[in-house]
Amino acid sequence: MTPVGDDLVGIAILSRRRYGYDEHLAAFPALTVSLRGPATTEVCGAGPMLQRVRHRTVGRVLLVGDAAGYLDALTGEGIAIALATAGAAVRCLAAGQPDKYEHAWARLTRRHRLLTGALLAASRRPGTAHLIIPAVSRMPPVFSAAVHTLQ
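Residues numbered from 1 in each chain as written. Predicted model: local features only at pLDDT ≥ 70, side-chain atom pairs only at ≥ 80, totals over all residues. Heavy atoms only, no water.

Turning our eyes to something else, we now look at the pairing of strand β1 (residues 2-5). With three bridges connecting them, β1 and strand β2 (residues 8-10) associate as antiparallel partners. In the strand pairing of β2, Pro3 is matched with Val9. (Pairing = 2+ DSSP bridges. Helix = DSSP H or I, 4+ residues; strand = E, 2+ residues; numbered from the N terminus.)

Written as structure tokens, this is what we have:
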């Protein structure tokens, strides 16, 4: 669950099981009770999220946003990363140095990749997966601070 506005949250359900959104959401009754009103949009995406990219630059063509590689929507930072990397791409192109973009991309996305990668790795381990949500629910300021370091 990611805050989007004062009275709006984004819900991402990550699972290895293929169910519909409502069936997945039913597994979280406390969350379901806290959601008021109808959904603002239909389900916007599903499927394997990981997209690996070997090169983000080919000549003067630079990939930004999800096209530059995508780990997961876990923290909801996709648009912010796309805007930051697009700015870096423009600066590299304007300076006539598209070859510098790969390093800029790595620097701009490092925190996101580390935090999201760590959370995904923990979720894949049976011994830690079931501890993540209870830990986050007991320490929301810690999780919030971790996510805010991505901005």
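Structurally, Arg56 can be placed in the loop between α2 (29-34) and β3 (57-58). By relative accessible area, which is 9% here, Arg56 ends up buried. Side-chain polar atoms of Arg56 contact the side chain of Glu102, separated by 3.0 Å. With sequence-adjacent residues up to four places away left out, Arg56 is seen in contact with Val61, Leu62, Leu63, Ala68, Tyr101, Glu102 and Trp105. (Buried < 20%, exposed > 50% of the residue type's maximum accessible area, 1.4 Å probe, protein only. Polar contact = N/O pair within 3.5 Å; in protein donor to acceptor, adjacent residues only side chain to side chain. Contact = heavy atoms within 4.5 Å.)

This part covers a positive patch on the surface. Taken together, the side chains of Arg91, Arg107, Arg110 and Arg113 make up a positively charged region of the molecular surface. Counting residues per element, the positive patch draws most heavily on helix α4 (residues 101-124), which supplies three residues. As for its position among the elements, Arg91 is in helix α3 (residues 78-94). (Patch = residues over 30% accessible without salt bridge, like charges linked within 9 Å, V, L, I, M, F, W, Y side chains within 5 Å. Areas by Shrake-Rupley, 256 points an atom, 1.4 Å probe, with all protein chains shown as cover. Salt bridge = Lys/Arg side-chain N within 4 Å of Asp/Glu carboxyl O. Lys, Arg positive; Asp, Glu negative; His and termini not counted. Charge placed at Lys NZ, Arg CZ, Asp CG, Glu CD.)

Everything listed is a geometric property; what it means functionally is a separate question.
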